[in-house]
Amino acid sequence: MNTIWADMRDGIDDGLMEEAGRILQSGGLVAFPTETVYGLGANALDPEASAKIYSAKGRPSDNPLIVHIHRLDSLDPIVRTVPRKALVLAHAFWPGPLTMILDRSSLVPSSVTGGLDTVAVRMPDHPVALSLIQAGGGYIAAPSANTSGRPSPTTAQHVRDDLNGRIEMIIDGGSVGIGVESTIIDLTETLPMILRPGFISIDMLRSVIGEVKMDPGLHSEDPAFRPKAPGMKYRHYAPRAELTIVEGSEEHVRAAIDQLARSAISRGLTCGIIAADEDASAYHAGIVRSAGSRAKEITISQHLFGILREFDDLGVDVIYSESFDTPQIGAAIMNRLIKAAGHHILSV
Ligand code: TXA
Ligand code: MG
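Residues numbered from 1 in each chain as written. Chains lettered and ligands numbered in written order. Predicted model: local features only at pLDDT ≥ 70, side-chain atom pairs only at ≥ 80, totals over all residues. Heavy atoms only, no water.

(A) Region of interest: the layout of surface pockets. Taken as a whole, the largest pocket holds about 710 Å³ of empty space. Forming the walls of the largest pocket are 43 residues, and the residues nearest its centre are Arg59, Asn63, Pro64, Ile66 and Ile184. Those elements giving two or more residues to the lining of the largest pocket turn out to be strand E4 (66–68), strand E6 (118–122), strand E9 (183–186) and strand E10 (193–196). Counting residues per element, the lining of the largest pocket draws most heavily on E6, which supplies four residues. Its residues assigned to classes, the lining of the largest pocket comprises 18 nonpolar, 16 polar and nine charged. Reported here for the second largest pocket is a volume of approximately 250 Å³. The residue inventory of the lining of the second largest pocket, partitioned by class, reads six nonpolar, four polar and six charged. (1 Å grid on protein atoms, 1.4 Å probe; cavity = no way out; pocket = protein on both sides within 12 Å on 5 of 7 lines; lining within 4 Å. Points joined across faces, edges and corners; volume = space filled by probe spheres on them. Helix = DSSP H or I, 4+ residues; strand = E, 2+ residues; numbered from the N terminus. Nonpolar A, V, L, I, M, F, W, Y, C, P; charged D, E, K, R; others polar.)

What follows is the structure, given as structure tokens:
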């Protein structure tokens, strides 16, 4: 298949957007930018269309998709009820990087929800995404547009690297603003529960709806505590290299990473280092990549997945990363990093 490249970095191209709408309405796949990561869209109300998402990505069929909408009126038809807290959250954070889990109506095919009675819904905050959802009929199922198991794409080129020739169109909207996937909150529990941390932090959620808990399965290695979001049980974002997070005081971390890198290199390995801007110049061995500044934490989330992809491309064997437990997005960044590291953390 020839994948159409639609350049919308400087704004929406009406002709190409119409074509994207036609592709979606006839059951095809279009990758598009959102404020979090690039998504791979299909008509959510067409079970055959969403089935194509699973085969293009190589995604397990029990891992449900997020349904993207472009206006609040679209919510009612796809859910059984709209709880008051969902409305409060929608008014506070939509369009934006928040996905809500609600009881689904019969309009949503069970193939989209992996057989669950609930549906994940989000209204993204990106003009290209909103326009595409409208052009495609109002309900677009979209996972991150990577092949299953690779870091989520934060540029259209990342999408091309993974899915070229497997989907009808890629819309290039430039680099994304946030770089980690949306916060997922489950509103079907008595107490709202975060199933995946993202840019919208637990404190931001609590400030509008009161008590919110974290899924205890999120960071547990105990198989008795499985994460509730099916996708969170996979070792996502796994770079080909062995990744170790090194945490501790700034001084100790710098010394330990420098020593680990030198030792890896002396064993003939190619070594990558992920550092903050503030520390990058302290490392003199290995391939050093600065994720961003601790003082401006969004720069770290923006670059993390791209760095993991670059290290894959460079054939890096081992990666040592600093820890990025920053105030707002830190929980999301560390969730992704810890999974990429397969829970391999060294305290120094
Ligand atoms: O920022 C984002 O959310 C991006 C952009 C494209 O919108 N999308 C995204 O989709 O990250 P995906 O498919 O990569 O991740 C969706 C996550 C998976 O972990 C999935 O298991 C979970 O949401 N999920 C979807 N529906 C669910 C449901 N009904 N109950 C629990 N978890 C659900
Ligand atoms: Mg994903």
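(B) Molecular detail of the sheet that holds strand E11 (residues 213–214). The strand order E1-E8-E2-E3-E7-E4-E6-E5-E9-E10-E11 describes an open sheet built from eleven strands, whose pairing is mixed. Sheet topology places strand E1 (4–7) and E11 at the edges, where each strand pairs with a single neighbour. Judged from the two bridges that link them, E10 and E11 form a sheet pairing that is parallel. Across the sheet, the residue bridging to Met193 is Lys213, located in E11. Across the face of the sheet, helix H1 (residues 14–25) comes into contact with E1, strand E2 (30–32), strand E3 (39–43), strand E7 (140–141) and strand E8 (169–172) while running at roughly 140 degrees to E8. Across the sheet, helix H6 (residues 156–163) is in contact with E1, E2, E3 and E8; its angle to E8 comes to roughly 160 degrees. (Pairing = 2+ DSSP bridges. Contact = heavy atoms within 4.5 Å. Axes fitted to C-alpha atoms, helices over the stretch in contact; angles between N-to-C directions.)

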